[in-house]
Structure formats: structure tokens, C-alpha cells
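# Observations on the three-dimensional arrangement
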Amino acid sequence: MRSSPRATMFIDRDTDPRVHPPTTSEERATLVGFLRWQRDTLELKCSGLGVEDLARRSVEPSTLSLLGLVRHMAEVERIWFRTVMAGQDAPPYFYSDTDRDGEFDGAVATAEAVTEAWNAWRTEIEFAYRFIAQAPDLDVAGTAHGGPRTLRWVLVHMVEEYARHNGHADLLRERIDGRLGQ
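Bear in mind the structure is a predicted one, so any value in this text is a computation, not a measurement. (Residues numbered from 1 in each chain as written. Predicted model: local features only at pLDDT ≥ 70, side-chain atom pairs only at ≥ 80, totals over all residues. Heavy atoms only, no water.)

### Observations regarding the overall build of the protein chain
For clarity, the threshold we go by: Working definition: helices are DSSP H or I runs of at least four residues, strands are E runs of at least two. Numbering for both runs from the N terminus. As a reference, a globule follows 2.2 Å times the number of residues to the power 0.38, and the radius of gyration itself is taken over C-alpha atoms. When a residue's accessible area, from a 1.4 Å probe over protein chains only, is under 20% of the maximum for its type it is buried; when over 50% it is exposed; and in between it is partly exposed. Whether two residues touch is decided by their heavy atoms; if any such pair falls within 4.5 Å, the residues are in contact. Using a 1.4 Å probe, accessible areas were evaluated by the Shrake-Rupley method; residue-level cover was limited to the displayed protein chains. Counted as positive: Lys and Arg. Counted as negative: Asp and Glu, with His and the chain ends omitted from the count. Taken as the charge centre is NZ of Lys, CZ of Arg, CG of Asp or CD of Glu, depending on the residue.
A tally of helices and strands in the protein chain yields 6 helices and 2 strands. Overall, the protein chain shows an N-to-C arrangement of helices and strands of α-α-α-α-α-β-β-α. Relative to the compact-globule value of 16 Å for 182 residues, the protein chain shows a C-alpha radius of gyration of 17 Å, a close match. Per-residue burial for the protein chain yields a buried fraction of 45% across its 182 residues. Pairs at least 24 residues apart make up 73% of the contacts formed inside the protein chain by residues separated by at least 6 positions. For the protein chain, the accessible surface area stands at approximately 9,800 Å², while carbon and sulfur atoms represent 54% of it. Positive and negative charge centroids in the protein chain, built from 22 and 29 side chains respectively, lie 4 Å apart.

And the structure:
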């Protein structure tokens, strides 16, 4: 019986750099653990690729790419933690009123675009970790889409947002080099 190429996973389970979320912890640590796992998964999916591969589009007419996902998640982090939860005036990095899909449209194969995306993403994640750690509880609320959103809701939403896009990242990475994800 031949071994299927689909049986080869992205990384060996023994060398997986991600930290498993806690299984017996309080709510904040559990939610942050799952969010960290998802963030680390996106970074893992992009690891070892050059600028051309990071910017490679899925299929026409889609503008979806790994680099676009990093840019998009930088924006999502910024919106939910800086704008909604912290109430800061934080203009978008990559999209505008005239280019609502700028995160994906501008994901071009240049070293500058890749560096800018990773820097923005990491900056927003660092801000989010500080905000979460300093919040008195998970019931702290901001306003979005006409109503209150608690930090608890935002954390769950962020896990969902990353999980959905990490599914896209799995398919994009498999198309680039055949590597499959956990």
C-alpha cells in the first residue's frame, strides 16, 4: 500500500512550537491561550516562505494570500483592541474608504510589504496582550456595530476569526508547497 502525500503533516508534533492552551485554568487564561494558539498557527503557516510565496494569490479572481491574511489580521486586531476596546482613534494600516479590500489588494511580493505586514501584526498583538492583562475583568466593554461588546466577547470572536482564516491559510500553504497543517 502506497503512503498518501496527504498523510504528511505540516510539522512533527514533537517539534510544534505552539504552546497548548491551558486545560484547567481560569477563563481569561483559557481564552488568551486559545487566541495565542491561533495567532501562532497563522505565523507557523507563513514560516519559511519567501515574499513571492507569501503574496501568491489563491485562485482568480480572489486576492486571498497568506500575506493578505497577515495584513487583514493586523487590521482586525487593531479594530477590536485599539478602537473598540481601548477607544483609541486608530486609522487603518492597509485599507481605506476607496479600497475596502486594501489588506488583500496591497499584499504585493516585496520585502517592504512583508516587513510592514509583520510589524503591524506584531505591534497590534503586543497592544492586545497589554490591554487584556490590564483589564480589570472580562466584562470591560467597548462599543461596536451599535452595541456593547465585552472583552470576553472580543476574545471569543478573535479565536473564531483566526480559526476561520487559519483554514484559508491551510489551503494556501498546501497549494504553495504541499505542506498540510494541524
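### Overview of the pattern of salt bridges
What counts here: What counts as a salt bridge is simple: a side-chain nitrogen of Lys or Arg found within 4 Å of a carboxyl oxygen of Asp or Glu.
For the coordinates displayed, the defined rule picks out 12 salt bridges. Between Arg78 and Glu124 there is a salt bridge whose closest N-O contact spans 2.7 Å. Taken together, the residues span a long stretch of sequence, with Arg78 in helix α3 (residues 66-85) and Glu124 in helix α5 (residues 111-134) at a distance of 46 residues. Of the residues examined, Glu124 reaches a relative accessible area of 0% and is grouped as buried. With its nearest N and O atoms 3.2 Å apart, the salt bridge here joins Glu160 to Arg164. With a gap of 4 residues between them, Glu160 and Arg164 both fall in helix α6 (residues 151-177), about one helical turn apart. Given the relative accessible area of 37%, Glu160 is considered partly exposed. Judged by relative accessible area, which is 39%, Arg164 ranks as partly exposed.

### Side note on helix α1 (residues 27-46)
This is how the line gets drawn: Expected span of a helix, by definition, is 1.5 Å for each gap between consecutive residues, and there is one gap fewer than residues. For this analysis, a polar contact is any N or O atom pair within 3.5 Å, provided that within protein one partner can donate a hydrogen and the other can accept it, and provided that sequence-adjacent residues contribute only side-chain to side-chain pairs.
With 20 residues, α1 should reach 28 Å at 1.5 Å per residue; the first-to-last C-alpha distance of 29 Å fits that figure. Measuring from the backbone nitrogen of Arg28 back to the side-chain oxygen at the start of α1 gives 2.9 Å, which picks out Glu26 as the cap. Immediately beyond the C-terminal end of α1, within one or two residues, lies Gly48, with a positive phi of roughly 80°.

### Quick word on the nonpolar core
Side chains that are nonpolar tend, in soluble globular proteins, to be buried together. Filter applied, for reference: Side-chain atoms within 4.5 Å link the members of a nonpolar core, which is a set of buried Ala, Val, Leu, Ile, Met, Phe, Trp, Tyr and Cys residues.
Leu42, Leu66, Phe81, Trp121, Leu151 and Met158 are the most contacted members of the largest nonpolar core, which has 46 residues in total. Secondary-structure elements contributing two or more residues to this core are α1, α2 (51-55), α3, α5 and α6. If we skip the residues at most four places from it in the chain, Leu42 touches Leu69, Val70, Met73, Trp121, Tyr162, Asn166 and Ala169.

### A few points about unusual backbone geometry
For the bond running from Glu60 to Pro61, omega is 0°, close enough to zero to count as cis. By secondary structure assignment, the location of Pro61 is in the loop between α2 and α3. Non-glycine residue His145 carries a positive phi angle of around 55°. Along the chain, the position of His145 falls in the loop between β1 (141-144) and β2 (147-150). Judged by relative accessible area, His145 falls into the exposed class, the value being 70%.

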